Amino acid sequence: MTLLSSSSIKFGRLTVYFTNVKTALSRSGLPDLDYALNPYAGCSFGCIYCYARLYTSDRRASERWGEVVIVKSNIVKVLGREARRMPRGVVGLGTITDGYQVVESIFKLTRKSLETLIGEGFHVSVQTKSPMVLRDLDILATGGGKVDVGLTITTLKPEIAELIEPHAPPPLARLKALKKLSEAKIKTWVFYGPIIPGLNDDLETAESIASLSAETGSTLYYDPLRVKPFMLAEDYPLREAALKAKSREFLEGIEAIIKRLCIKYGLECRKGFEATPLTSNMSTL
Ligand code: SF4
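The text that follows walks through the structure, step by step, so that each part is easy to find. (Residues numbered from 1 in each chain as written. Predicted model: local features only at pLDDT ≥ 70, side-chain atom pairs only at ≥ 80, totals over all residues. Heavy atoms only, no water.)

## Some thoughts on a positive patch on the surface
What counts, and what does not: Within this analysis, patches are made of residues with over 30% relative accessible area and no salt bridge. Like charges are joined at 9 Å or less; nonpolar side chains (Val, Leu, Ile, Met, Phe, Trp, Tyr) at 5 Å or less. Methods summary: accessible areas were calculated by the Shrake-Rupley approach with a probe of 1.4 Å, and residue burial reflects only the protein chains presented. Only one rule defines a salt bridge in this text: a Lys or Arg side-chain nitrogen within 4 Å of an Asp or Glu carboxyl oxygen. Residues counted as positive are Lys and Arg, residues counted as negative are Asp and Glu, and His and the chain ends are not counted. Taken as the charge centre is NZ of Lys, CZ of Arg, CG of Asp or CD of Glu, depending on the residue. A run of H or I in DSSP counts as a helix once it spans at least four residues, and a run of E counts as a strand once it spans at least two, with each numbered from the N terminus.
On the surface, Lys77, Arg81, Arg84 and Arg85 cluster together to form a positively charged patch. The residue lysine 77 is located in helix α2 (residues 75-85) in this model.

And the structure:
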């Protein structure tokens, strides 16, 4: 660790800045969520498809995605004030960052935010790629039916994960975390997305993720790649896949596979960011 100045620290390839925020909760436009809470801006996991950078206003993080993280030092204090006076609702924790990225092991802003929100009677919906979420099982367990945790699992093949999510915990670690959460009776879901043509859209991958969802009693969210302008740049590594992802053939093919698997495994399936379920706890055919 290198101290660069009073307001930034260098951890290996990562530069960490600190800031104070005026607000903590923001209104969410996502279905099923009333609010979003992001204790950090930027994300050291640096997934190459991540478009959270487009919604991150701090340019230090958005322009060097994966290399810069901004710690919102006072967010727990601000959240405490807001949580006491704002209408209760569902808070998505980690909508444009991962609340369990590496810096969380030091600053614990996600843990303290969970304590505050659950203590004030909010429903918290966490999405992460990290088994660090297990550290907070003690708090999650106090939320009763007002807590759910989603693990993003794009593939169970480590070589594909290394390519698209170079600094995120490996798929096996996420799988184990999901199983432990499920064993602890926490409501869980799996986010299979983005689904990228030629990388993780094959039947074997889809079936392994559907079967894991069934084994853990998780709802399965699936999300075909949403093509953003930066993905069409000549030097973007997934450019070819991004072009294919726009085709009706790809989208209809994925939809058909997912629907078949969700019926086969009796899963509740939802398309990411859409309110209507594709299937709902359908029985095995
Ligand atoms: S973990 Fe999520 S927020 Fe972080 S880089 Fe990957 S997709 Fe983006």
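## Digging into the site of the ligand
We apply this condition: One heavy atom suffices: a residue is near a molecule or strand as soon as one of its heavy atoms comes within 4 Å of it. Throughout, the ten residues Ala, Val, Leu, Ile, Met, Phe, Trp, Tyr, Cys and Pro are labelled nonpolar, Asp, Glu, Lys and Arg are labelled charged, and all others, Gly among them, are labelled polar.
As a structural note, the neighbourhood of the ligand is formed by Cys43, Phe45, Gly46, Cys47, Tyr49, Cys50, Trp65, Thr97, Asp98 and Lys129. Tallied by class, residues from the shell around the ligand come to six nonpolar, two polar and two charged.

## As for the side chain of threonine 219
Worth spelling out the cut-off: Should any heavy atoms of two residues lie within 4.5 Å, those residues are considered in contact.
Within the secondary structure, threonine 219 sits in strand β12 (residues 219-224). In this structure, threonine 219 is in contact with Lys187, Thr188, Trp189, Val190, Glu268 and Arg270, ignoring residues within four places of it in sequence.

## Here's the deal with the nonpolar core
One recurring pattern in soluble globular proteins is that nonpolar side chains are buried together. Formally: In these notes, a set of buried Ala, Val, Leu, Ile, Met, Phe, Trp, Tyr and Cys residues joined through side-chain atoms within 4.5 Å is what counts as a nonpolar core. Burial classification: accessible surface area is computed with a 1.4 Å probe over protein chains only, and a residue below 20% of its type maximum counts as buried, one above 50% as exposed, and the rest as partly exposed.
In this structure, Leu37, Leu114, Val149 and Leu220 are the most contacted members of the largest nonpolar core, which totals 76 residues. In terms of residue count, helix α10 (residues 248-265) provides more of this core than any other element does, six residues in total.

## Some remarks on the packing of α2 against helix α4 (residues 109-119)
Selection criterion: To define axes, lines are fitted to C-alpha atoms, for helices over the stretch in contact only, and angles between the resulting N-to-C directions are given on a 0 to 180 degree scale. For this classification, under 35 degrees means roughly parallel, over 145 means roughly antiparallel, 65 to 115 means roughly perpendicular, and everything else is oblique. Left-handed describes a crossing whose near helix is turned anticlockwise from the far helix through less than a right angle; right-handed describes the clockwise counterpart.
Where α2 meets α4, the closest approach of the two axes is 10 Å, and the angle between their N-to-C directions is 15°. With respect to α4, the element α2 is oriented roughly parallel. As α2 packs across α4, the resulting crossing turns out to be right-handed. In contact with Ile75, Val76, Leu79, Gly80 and Ala83 of α2, α4 contributes Leu109, Lys112, Ser113, Thr116 and Leu117. Class assignment for the residues of the contact of α2 with α4 results in six nonpolar, three polar and one charged.

## Focus: the packing of helix α8 (residues 203-215) against α10
Relative to each other, α8 and α10 sit at 35°, their axes nearing to 10 Å. In terms of crossing hand, the pair formed by α8 and α10 is right-handed. Along its contact with α8, which presents Leu203, Ala206, Glu207, Ala210, Ser211 and Ala214, the element α10 presents Ile257, Arg260, Leu261, Lys264 and Tyr265. Residues that form the contact of α8 with α10 fall into these classes: seven nonpolar, one polar and three charged.

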